[in-house]
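As a plain string of letters, each chain reads:
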Protein chains: 2
Amino acid sequence: MPDAIDTIVGQWSKERPDLADALWPVQLLGRAQRLARFADKSAKEIAAKHGVEHGEFDVLSTLQRSGPPYTLTAGALLKAAMVTSGAITNRIDRMEAKGLVERVRDGEDRRTVQIRLTSQGHEVMSHIISDHLANYARLLADVDRETCTRTADGLRAVLEALGDASLR
Amino acid sequence: MPDAIDTIVGQWSKERPDLADALWPVQLLGRAQRLARFADKSAKEIAAKHGVEHGEFDVLSTLQRSGPPYTLTAGALLKAAMVTSGAITNRIDRMEAKGLVERVRDGEDRRTVQIRLTSQGHEVMSHIISDHLANYARLLADVDRETCTRTADGLRAVLEALGDASLR
DNA sequence: TGCTTTTATCTCAACGTTGAGATTATCAAG
DNA sequence: CTTGATAATCTCAACGTTGAGATAAAAGCA
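Cut-offs and rules
- Residues numbered from 1 in each chain as written.
- Chains lettered and ligands numbered in written order.
- Predicted model: local features only at pLDDT ≥ 70, side-chain atom pairs only at ≥ 80, totals over all residues.
- Heavy atoms only, no water.
- Near = heavy atom within 4 Å.
- Polar contact = N/O pair within 3.5 Å; in protein donor to acceptor, adjacent residues only side chain to side chain.
- Helix = DSSP H or I, 4+ residues; strand = E, 2+ residues; numbered from the N terminus.
- Nonpolar A, V, L, I, M, F, W, Y, C, P; charged D, E, K, R; others polar.
- Expected span 1.5 Å × (residues − 1).
- Buried < 20%, exposed > 50% of the residue type's maximum accessible area, 1.4 Å probe, protein only.
- Arc of directions from axis to C-beta.
- Contact = heavy atoms within 4.5 Å.
- Buried area = accessible area lost by both parts, 1.4 Å probe.
- Salt bridge = Lys/Arg side-chain N within 4 Å of Asp/Glu carboxyl O.

1. Quick word on the protein's contact with DNA strand C
The full set close to DNA strand C counts 22 residues, and Gly-75, Arg-103 and Arg-111 of chain A together with Asn-90 and Arg-91 of chain B are the nearest of them. Measuring from a base nitrogen of DNA strand C, one finds a side-chain N or O atom of Ser-85 of chain A at 2.9 Å. In this structure, a phosphate oxygen belonging to DNA strand C sits 3.1 Å away from a main-chain N or O atom of Arg-110 of chain B. Put simply, the parts of the chain that give the surface near DNA strand C at least two residues each are helix H4 (74-81) and helix H5 (85-97) of chain A together with helix H5 (85-97) of chain B. With 6 residues, the top contributor of residues to the surface near DNA strand C is H5 of chain B. Taken together, the residues that form the surface near DNA strand C break down as 4 nonpolar, 10 polar and 8 charged.

2. Details of H5 of chain B
All names here are of chain B. The end-to-end C-alpha separation of H5 is 18 Å, in line with the 18 Å expected for 13 residues at 1.5 Å each. Where H5 is concerned, the buried positions are Ile-88, Arg-91, Ile-92 and Met-95. Projected onto a plane normal to the axis of H5, the buried residues spread over an arc of 95° and lie on a single side. Buried residues along H5 sit against helix H3 (54-65), helix H4 (74-81), strand E2 (101-104) and strand E3 (114-117). Just beyond H5, the residue with positive phi is Gly-99, at close to 80°.

3. Describing the interface of chain B and chain A
Each partner contributes residues to the interface: chain B has 73 residues there, and chain A has 73 residues. For the pair chain B and chain A, the summed buried area comes to about 7400 Å², and 67% of that belongs to carbon and sulfur atoms. The three residues of chain B that bury the most area against chain A are Trp-24, Arg-65 and Met-82 of chain B, which together make up 10% of that side's buried surface. Applying the counting rule to chain B against chain A returns 2 salt bridges. Salt-bridge contacts for Arg-156 of chain B lead to Asp-6 of chain A; the nearest nitrogen and oxygen are separated by 2.8 Å.

4. Here's the deal with the environment of Asp-106 of chain B
Mapped onto the elements of the fold, Asp-106 of chain B is located in the loop between E2 and E3. Considered as a pair, Asp-106 of chain B and Ala-39 of chain B are 67 residues apart in the sequence and their alpha carbons are 37 Å apart.

5. Quick notes on the pattern of salt bridges
All names here are of chain A. Under the counting rule described, the total for this entry stands at 26 salt bridges over all chains. Arg-31 is paired through a salt bridge with Asp-6; the nearest N and O atoms lie 3.0 Å apart. Within this pair, whereas Arg-31 is found in helix H2 (residues 24-49), its partner Asp-6 is found in helix H1 (residues 4-15), the two being separated by 25 residues in sequence. With a relative accessible area of 0%, Arg-31 lands in the buried category. A relative accessible area of 18% places Asp-6 in the buried class.

Laid out in structure tokens, this is it:
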């Protein structure tokens, strides 16, 4: 059964037959983008339900999963989030105002700013993460588990080839 | 070899062992999001090289692959692009100013606006698409073709289960 | 010690998207 | 016809991100 990407590839094949042999990457990358859009949109709704922006959820998540003392530099956060420095500064500003994180400048290197999850941030996050994972599971409810595993493994191979480094 | 998502899943398993069994969707959706980010960022650069925004490239692409007469309604474009109506209006405004598309209100249903690719838009697009596909191929250059095919098929199954309808 | 380069974060204006509401047109009854 | 409901697009203020430049601290080197 054709999906949206099959349609797109079919349309291009007709319109530009000379490019037919160059369309195969779209089958993979186009679908990854499409799936990511659905997942993003869905995750955004879950986060909003708990009163945080999508990007803020990302920061909370990165901090909590980093484990005690739930503290990372602004630089580590922007790399993990794949956004620019301006975006991280803004997110931290907003989150600090909400009491979710706090900036700590300690002695070692005074250029860096340590961002620490507050107990309130910790609390909010523990509620969101369950919802978030349940939502993700719901999205994939109709897909058999082996397809998920196999596809995830394929994506891992692709990301490795792309040089997507481990985070630590 | 672990990738960024393996690291994330590992961190969560340690921090919240009670959620260990609920992390499997992240293996798939997290990687899709990550791959999509790389692809998006790369596509954005290609489009910029030709003087168009990422979203504008999306519109050009949708119009051209739709085939003669290279005309779609604003509504069709916003569905294809998965964005809101405001975004499409703005994109069309900008693109019309650049001479890439033109609004045509013909008689049938005067609520709708037909967006038509101009000859200039056509020309710009034919240059971009080759670059774009070459860039996509370059991204996947180090991945063996069968992995791509297998993974793309897996993603199609997931998208179908999500109800991602064919576009026409 | 002094000078330059590099690193980390913040500042801020420009930009694109969102999302609710307004506008205008069509359709379905009555 | 007229009314009410539905549909398609546009308007616009609020919002988050980008990206270049500024600031300040640390590291490299003479």
